[in-house]
Amino acid sequence: MSFSLPIILFLGIVVLIFSFFTVKQQTAAIIERFGKFQSIRHSGLQLKIPLIDTVAGRLSLKIQQLDVLVETKTLDDVFVRLKVSVQYKVIKDKVYDAFYKLDYPHDQITSYVFDVVRAEVPKMKLDDVFVKKDDIALAVKAELNDAMLDYGFDIIKTLVTDIDPDPQVKAAMNRINAADREKTAAQYEGDAQRILIVEKAKAEAESKRLQGQGIADQRREIARGLEESVDVLNRVGINSQEASALIVVTQHYDTLQAIGGETNSNLILLPNSPQAGSNMLNDMVASFTASNQIGEAMKESKKKKDS
């Protein structure tokens, strides 16, 4: 009797230890009795019958994510790989369905993702796949919700996180983009050069206009000065022809003086002999006299014809 008491106490302690178990937060434990479903236990300290009840499994009630990589073809015959991220969780009230109805929920979700993506993407061109990726994600979510709800899974969100076309297609797209940018840059450069040429032409035209105006003003002032000089010479008994000749000769000598003041001047003024000034004066006076005589003769001839 003395030997059996310790054994009984030991067995009692073992039974007591195996009677209690804990369930972590956001976890559900499935209890079976002789292989048959008995109950679902949630977080905390739980009690079961040792050797009769067993913990058949545990399911996490947290939000989980499954990444699915799908390769398919677009409407314009471009192969593309899409990465679809599915966020889901086990519904707390449907732990039984989630545990017993599906052996491999990941495989089931993956199959639905493949089915929806390969049904939606072939309807779109490659550019539309990038633009309408949210539409693809919504279609996947709607299909998964309808299918997985009966199995105790709630689809929180689906995201198309990556779109990866064939490398050759990406290289071609990059070349097209680079060509478009080069074309735009060339157009901007052409516009800039055109504006520069137009503005330069405007500046040159304005410069020419101002130069012409300056020359006209200069000549006007020269003419006014010549007129005043002729009037002064007329007062001292020099007629207009002689005065004009004298002014021209004076300008001739002024020009010679200006040329002499420039050390690097290559201008040669001909004739340039010492008697050139007097000869020029005599020639100009004779020219003016002859021109006046011709003018008077033409006037007399015209009067005779008119009469």
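Reading the values: the criteria
- Residues numbered from 1 in each chain as written.
- Predicted model: local features only at pLDDT ≥ 70, side-chain atom pairs only at ≥ 80, totals over all residues.
- Heavy atoms only, no water.
- Pairing = 2+ DSSP bridges.
- Helix = DSSP H or I, 4+ residues; strand = E, 2+ residues; numbered from the N terminus.
- Axes fitted to C-alpha atoms, helices over the stretch in contact; angles between N-to-C directions.
- Expected span 1.5 Å × (residues − 1).
- Buried < 20%, exposed > 50% of the residue type's maximum accessible area, 1.4 Å probe, protein only.
- Arc of directions from axis to C-beta.
- Phe/Tyr/Trp six-rings, centres within 6.5 Å; stacked < 30°, edge-to-face > 60°.
- Contact = heavy atoms within 4.5 Å.
- Patch = residues over 30% accessible without salt bridge, like charges linked within 9 Å, V, L, I, M, F, W, Y side chains within 5 Å.
- Areas by Shrake-Rupley, 256 points an atom, 1.4 Å probe, with all protein chains shown as cover.
- Salt bridge = Lys/Arg side-chain N within 4 Å of Asp/Glu carboxyl O.
- Lys, Arg positive; Asp, Glu negative; His and termini not counted.
- Charge placed at Lys NZ, Arg CZ, Asp CG, Glu CD.
- Parallel < 35°, antiparallel > 145°, perpendicular 65-115°, else oblique.
- Left-handed = near helix turned anticlockwise from the far one by under 90°.
- Nonpolar A, V, L, I, M, F, W, Y, C, P; charged D, E, K, R; others polar.

Peer 1: How do you make sense of the sheet that holds strand β3 (residues 36-41) when you look at a structure like this?
Peer 2: Pairing between the strands of a sheet comes from backbone hydrogen bonds, and it takes one of two forms, parallel or antiparallel. An order of β3-β2-β5 is seen for the 3 strands of this open sheet, with the pairing classed as antiparallel. The open sheet is flanked by β3 and β5 (53-60), the only strands paired with a single partner. Direction aside, the axes of adjacent strands within the sheet are offset by 25° on average.

Peer 1: Would you take a moment to explain helix α5 (residues 133-148) for this structure?
Peer 2: Along an α-helix, residues three or four apart share an orientation, since each turn contains 3.6 residues. Between its first and last C-alpha, α5 extends 22 Å over 16 residues, near the 22 Å set by a 1.5 Å rise per residue. Turning to α5, its buried residues number three or more, namely I136, A137, V140, L144, A147 and M148. Buried residues of α5, seen end-on, are gathered within an arc of 100° and therefore sit on one face of the element. Every exposed residue of α5 that faces more than 90 degrees away from the buried side is listed here: D134, L138 and D146.

Peer 1: So what exactly am I meant to see when it comes to the packing of aromatic side chains here?
Peer 2: How two aromatic rings sit relative to each other is set out by the distance from centre to centre and by the angle between their planes. Following the criterion strictly, the structure yields 5 aromatic pairs and no others. Judged by centre distance (4.8 Å) and plane angle (40°), the ring pair of Y96 and Y100 falls under tilted. With Y96 and Y100 both in helix α2 (residues 95-100) and 4 residues apart, the pair spans about one turn of that helix. What makes Y96 partly exposed here is its relative accessible area of 40%. On the accessibility criterion, Y100 (31% relative accessible area) is partly exposed. A network of ring pairs unites the aromatic residues F37, Y96, F99 and Y100 as a single cluster.

Peer 1: Where do I start with helix α3 (residues 105-120) in this structure?
Peer 2: Between the first and last C-alpha of α3 there are 23 Å, a value that for 16 residues agrees with the 22 Å anticipated at 1.5 Å per step. Those residues of α3 that sit buried are P105, I109, V113, V116 and V117. The arc that holds the buried residues of α3, viewed along the axis, is 95°, so those residues lie on one side. Residues of α3 that are buried in the fold lie against β6 (64-73), β7 (79-90), α5 and β8 (153-165).

Peer 1: What is the right way to look at a negative patch on the surface in this model?
Peer 2: On the surface, a cluster of negative charge is made up of D115, E143, D146 and D150. By the secondary structure assignment, E143 is in helix α5. Of the residues examined, E143 reaches a relative accessible area of 32% and is grouped as partly exposed.

Peer 1: Where do I start with the environment of I155 in this structure?
Peer 2: Mapping I155 onto the fold places it in strand β8. With relative accessibility at 2%, the residue I155 sits in the buried group. A sequence separation of 64 residues divides I155 from I91, and the C-alpha atoms of the two residues are 9.8 Å apart. Setting aside chain neighbours within four positions, we find I155 in contact with V86, Q87, Y88, K141, L144, N145 and M148.

Peer 1: So what exactly am I meant to see when it comes to the side chain of T158 here?
Peer 2: With respect to the element layout, T158 can be found in strand β8. Classification of T158 by relative accessible area gives buried; the value is 5%.

Peer 1: Could you clarify how one ought to interpret the packing of α3 against α5 in this entry?
Peer 2: Interhelical geometry of α3 versus α5 gives an angle of 140° and a closest axis separation of 9 Å. When the interaxial angle is binned, α3 and α5 end up oblique. The way α3 lies across α5 gives a crossing that is right-handed. Here Q108, I109, Y112, V113, V116, V117 and E120 of α3 come into contact with α5, specifically with I136, A139, V140, E143, L144, A147 and M148. Looking at the contact of α3 with α5, its residues break down into 11 nonpolar, 1 polar and 2 charged.

Keep in mind these values describe shape, not function.
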